[in-house]
Amino acid sequence: MTRHFLTLDSVGREGILANLTLAGQLKSMKGMARQAVEGGRLGLIFDKPSTRTRVSFEAAAWGLGMLPIALRPDELQIGRGETIADTARVLSRYLSAVAIRTFEQAKVEELARYATIPIVNALTDEHHPCQALADVMTIAEEFGGFDDVRVAFIGDGNNVCHSLIQAAGYLGFTLAVSTPQSYEPDPEIVAAARANCAINGGAIEIGHDVRAAVRGADAVYTDVWASMGQEKEREERALIFAGYRVDVDLMKLAAPRAIFLHCLPAHRGDEVTDEVMDGPQSRVWDEAENRWYTEQALLYQLITGRDTLT
Ligand code: CP
Ligand code: NVA
């Protein structure tokens with residue numbers, strides 16, 4: 001059966017841990033494993049802008065010996081009415097895998113339903129599982145694992161937050177989410193992650209008190225206040241999220257060993273100050289770099305069905 005990566009549920013605890021081990025190995029090889037998927041072809045469909053995901057996937061594919069083919073929506077016949085199902089059937093005849101960034105999770109799922117090659121979710125409104133792999137790799141590099149790790153997520157409970165919640169459930173760390181009222185994460189995702197925490201350890205805390213979430217945290221994570229597609233809400237959200245800025249004073253409440261994480265792009269001065277972004281606790285550039293190796297490991301796992309380089 002074709003293996004896809006639609007949310008972290010697609011791979012679960014064992015898949016994530018295998019990804020991290022392989023990503024660490026690829027990092028030590030500077031992403032160069034050109035025999036690994038030699039001759040493979042990766043399609044990249046982006047219905048939204050991207051810097052990190054697009055470039056890291058292209059770099060990852062090239063390092064595996066694959067040809068990356070980036071496609072904008074106006075270059076595809078989908079924009080002129082060809083169905084997603086037919087697009088999936090045709091692309092499956094040319095490519096080894098497709099990574100897609102779009103709005104609705106349902107569109108990624110539909111592509112996966114009709115594709116006979118792995119489909120990778122490169123961000124939807126609901127999930128950003130590729131980001132979560134790099135996030136947990138960065139946390140593991142810092143703390144040596146996930147035992148007794150407490151992460152605070154401050155901001156909007158949408159895609160990045162949802163994937164981090166799923167990661168906490170599978171890896172057993174504690175995630176304290178603090179959002180404004182009405183911007184809480186999806187209760188179904190929270191409930192499923194809590195069920196996984198009951199097995200793997202850790203906990204998911206949901207609240208509105210930023211300081212309570214950050215107190216004692218080992219990592220403080222934030223994301224933009226207005227996500228892609230929400231540009232019209234930017235001014236309204238700036239008022240609603242004003243109390244959810246990560247600044248130096250907030251970071252002082254975190255554990256002495258605390259690091260700062262952000263999926264990027266950052267809107268400096270909104271959700272995070274320059275002092276925190278550029279300060280000694282920031283790991284955002286390592287986190288961005290780790291996108292490359294975790295995605296490279298993921299492509300290898302999905303396409304070859306193996307977790308170790310041969
Ligand atoms: N974090 C992330 O996905 O960045 P891009 O939007 O630049 O791909
Ligand atoms: N929540 C953000 C994440 C960007 C990587 C967005 O969807 O725009």
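Refer to the structure presented above.
Residues numbered from 1 in each chain as written. Chains lettered and ligands numbered in written order. Predicted model: local features only at pLDDT ≥ 70, side-chain atom pairs only at ≥ 80, totals over all residues. Heavy atoms only, no water.

1. A few points about unusual backbone geometry
Across the junction of L264 and P265, the peptide omega takes the value 5 degrees, indicating a cis bond. Relative to the assigned elements, P265 resides in the loop between β9 (259-262) and α11 (274-277). Positioned with a positive phi, L123 is a non-glycine residue whose angle comes to about 120 degrees. Here L123 lies in the loop between β4 (119-121) and α5 (129-143). On the basis of relative accessible area, L123 is assigned to the buried category, the value being 6%. Non-glycine residue S182 carries a positive phi angle of around 75 degrees. Relative to the helices and strands, S182 is located in the loop between β6 (174-178) and α7 (187-200). (Helix = DSSP H or I, 4+ residues; strand = E, 2+ residues; numbered from the N terminus. Buried < 20%, exposed > 50% of the residue type's maximum accessible area, 1.4 Å probe, protein only.)

2. Quick look at empty space enclosed by the protein
Taken as a whole, this structure holds 1 cavity of 30 Å³ or more when the rule is applied. Of the volumes computed, that of the largest cavity is approximately 40 Å³. Surrounding the largest cavity, W225, A226, R234, A238, H267 and D270 form its lining. Classifying every residue of the lining of the largest cavity gives 3 nonpolar, 1 polar and 2 charged. (1 Å grid on protein atoms, 1.4 Å probe; cavity = no way out; pocket = protein on both sides within 12 Å on 5 of 7 lines; lining within 4 Å. Points joined across faces, edges and corners; volume = space filled by probe spheres on them. Nonpolar A, V, L, I, M, F, W, Y, C, P; charged D, E, K, R; others polar.)

3. Things to note about a negative patch on the surface
Together, E104, E109, E126, D186 and E188 make up a region of like negative charge exposed at the surface. Topologically, E109 is positioned in helix α4 (residues 105-114). Taking the relative accessible area as the measure of exposure, E109 reaches 36% and is therefore partly exposed. (Patch = residues over 30% accessible without salt bridge, like charges linked within 9 Å, V, L, I, M, F, W, Y side chains within 5 Å. Areas by Shrake-Rupley, 256 points an atom, 1.4 Å probe, with all protein chains shown as cover. Salt bridge = Lys/Arg side-chain N within 4 Å of Asp/Glu carboxyl O. Lys, Arg positive; Asp, Glu negative; His and termini not counted. Charge placed at Lys NZ, Arg CZ, Asp CG, Glu CD.)

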